[in-house]
Amino acid sequence: MTRHVPDESLPDLAEGGGSEADRAHAGACGPCASRLAEVRAALDLARRADVPEPSPLYWDAMRRSVGRRIGEEPRRRPGWAWLAPLAAAAALVAVVVLTSGRAHAPWATPVPGLPAWSALPDAEDDPSLAVLEGFAAGDDDLAALDEGDGVGPFLASLSDEDYRALAESLRGAGKGGES
Amino acid sequence: MSSPALALPLRLAAAAASPGGETLSRDEEREAIEACRGLEREAFDRLVLRYQRDVYRLCYRFVNNHEDANDLAQEVFLRAWRAIPRFRGESSFSTWLYRIAVNACLNFRALRRPATQELPDGLPDPVPGAEARLASADEARRVRAAIAQLPEKQRATLILKVYHELTHEEVAEILGSAVGTVKANLFHALGNLRRRVAEEGR
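Everything numeric here is computed off the predicted structure, so don't read it as measured data.

Conventions we followed
Residues numbered from 1 in each chain as written. Chains lettered and ligands numbered in written order. Predicted model: local features only at pLDDT ≥ 70, side-chain atom pairs only at ≥ 80, totals over all residues. Helix = DSSP H or I, 4+ residues; strand = E, 2+ residues; numbered from the N terminus. Buried ≥ 20, exposed ≤ 12 C-beta atoms within 10 Å, placed from the backbone. Contact = placed C-beta atoms within 7 Å. Expected span 1.5 Å × (residues − 1). Axes fitted to C-alpha atoms, helices over the stretch in contact; angles between N-to-C directions. Parallel < 35°, antiparallel > 145°, perpendicular 65-115°, else oblique. Left-handed = near helix turned anticlockwise from the far one by under 90°. Nonpolar A, V, L, I, M, F, W, Y, C, P; charged D, E, K, R; others polar.

Q: Which residues make up the overall build of chain A, and what values do they have?
A: Across its full length, chain A carries nine helices and zero strands. Along chain A, helices and strands appear, N-terminal first, in the series α-α-α-α-α-α-α-α-α. The burial tally for chain A puts 21% of its 179 residues in the buried class.

So, in structure tokens, the structure goes:
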């Protein structure tokens, strides 16, 4: 005779599964048949205990309650939202580099009247400052994207001197990228 | 060919036609999950509609009363809403949701109170057959109470296997156990259930 049916195989056998060998053994072995009958009875017992059905109105109320609680959750960004400030910063750098680098690009028309020794134009003539100001003060979409803690508010907090310093460093980065 | 990760267990699909468990095709479910990643609440509402009955019933098995089952089921969906951007589809959505539910139930029981005793459903009525129905209801109550007092892993295994008809592998994934452990827990759960019900009936 084969080995007795292991305990953990009995529930499978009781539900009509299990291995052929275990089934054959349980059919021929009195003790295993008895253990199998006990497990089957326990399964029957468990299945007799159904959960009381709530009122049909309950499901709708529950769903509404879940929806309301989700609505009360702190507002969350979608999974891709972290890209928005990054994209805005990249766009800013690209605009400034392209704008200021045009004077140095071999295909660009030289800016007339700019002395060769000058690293920066006057503030009034510097197009990159206008770009920075545009981002900082006027771009509602950008502000909405970064929800008050990204590039827009940062730029808005800069003094004129800091603006110029930032523009200078961005231009420097642009020149470095060109060489 | 559809993704096996989003396949619905057959018995869940069968239960889905009843109130509180509406049907969603696999494609609809996949679309709803994707929309939830973009924080579309209406899409999540469709998932709640689809799974609320399964989740409620699972919670009820753990806590053995409507009030706590209701609180827990809602908490499960809130946790699912918060976590759904991180759902990668490596398991089926139902398995993922069940894992949240089982964890919530086990934490709830650890934090709150021991299994509660159910109150009787009502006074005996004189309708013919009422006595048999009461006896049956009484037995069901005793079985539910006995299940609620099983050791955690045995209880979870019994509930997921017997009432939600998950496979050993699905239960193992939900509970973070080996398949062999799930089989052993089921055997011990059934033995303990019989013993406890018999003791209650004396």
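Next, the rest of the story.
Q: Break down the overall build of chain B for me, citing the residues and quoting the values.
A: Secondary structure summary: chain B contains nine helices and zero strands in total. Along its sequence from the N terminus, chain B presents helices and strands in the succession α-α-α-α-α-α-α-α-α. Sorting the 202 residues of chain B into buried and exposed places 41% on the buried side. Expressed as a percentage of contacts within chain B between residues at least 6 apart in sequence, the contacts between residues at least 24 apart total 69%.

Q: Describe helix α4 (residues 66-83) of chain B, with residues and values.
A: Helix length check: α4(B) (18 residues) gives 25 Å between terminal C-alpha atoms against 26 Å at 1.5 Å per residue, within 8%. Residues of α4(B) that are buried include every one of B:Asp68, B:Ala69, B:Leu72, B:Ala73, B:Gln74, B:Glu75, B:Val76, B:Phe77, B:Ala80 and B:Trp81, and no others.

Q: Describe the interface of chain B and chain A, listing the residues and the values that go with them.
A: Contacts between the two partners involve 40 residues from chain B, matched on the other side by 29 residues from chain A. Elements that contribute at least two residues to the side of chain B that touches chain A include exactly α3 (41-63), α4, α6 (130-148), α7 (152-163) and α9 (179-201) of chain B.

Q: Tell me what's going on with helix α8 (residues 168-175) of chain B, and back it up with residues and numbers.
A: All names here are of chain B. Of all eight residues in α8, six are buried; the element is thus mostly enclosed. Listed as buried for α8 are His168, Glu170, Val171, Glu173, Ile174 and Leu175. At the C-terminal side of α8, Gly176 shows a positive phi close to 65°.

Q: Can you tell me about the packing of helix α4 (residues 56-72) of chain A against α3(B), naming the residues and giving the values?
A: It is the contact of α4(A) with α3(B), at a shortest axis distance of 10 Å, that shows an interaxial angle of 140°. Judged by the angle between their axes, α4(A) and α3(B) are oblique. Crossing hand, α4(A) versus α3(B): right-handed. Residue-level contacts link A:Trp59, A:Met62, A:Arg63, A:Val66, A:Gly67 and A:Ile70 of α4(A) to B:Arg41, B:Phe44, B:Asp45, B:Val48, B:Leu49, B:Gln52 and B:Arg53 of α3(B). Residue composition of the contact of α4(A) with α3(B), by class: seven nonpolar, two polar and four charged.

Q: Quick rundown of the packing of α3(B) against α7(B)? Include the residues and the values.
A: Residue and element names in this part refer to chain B. The N-to-C vectors of α3 and α7 enclose an angle of 140°; their axes lie 10 Å apart at closest approach. With respect to their mutual orientation, α3 and α7 come out oblique. When the axes of α3 and α7 are compared, the crossing they make is right-handed. Mapping the contact onto sequence places Arg57, Leu58, Arg61 and Phe62 in α3 and Arg155, Ile159 and Tyr163 in α7. Here the residues of the contact of α3 with α7 sort into four nonpolar, no polar and three charged.

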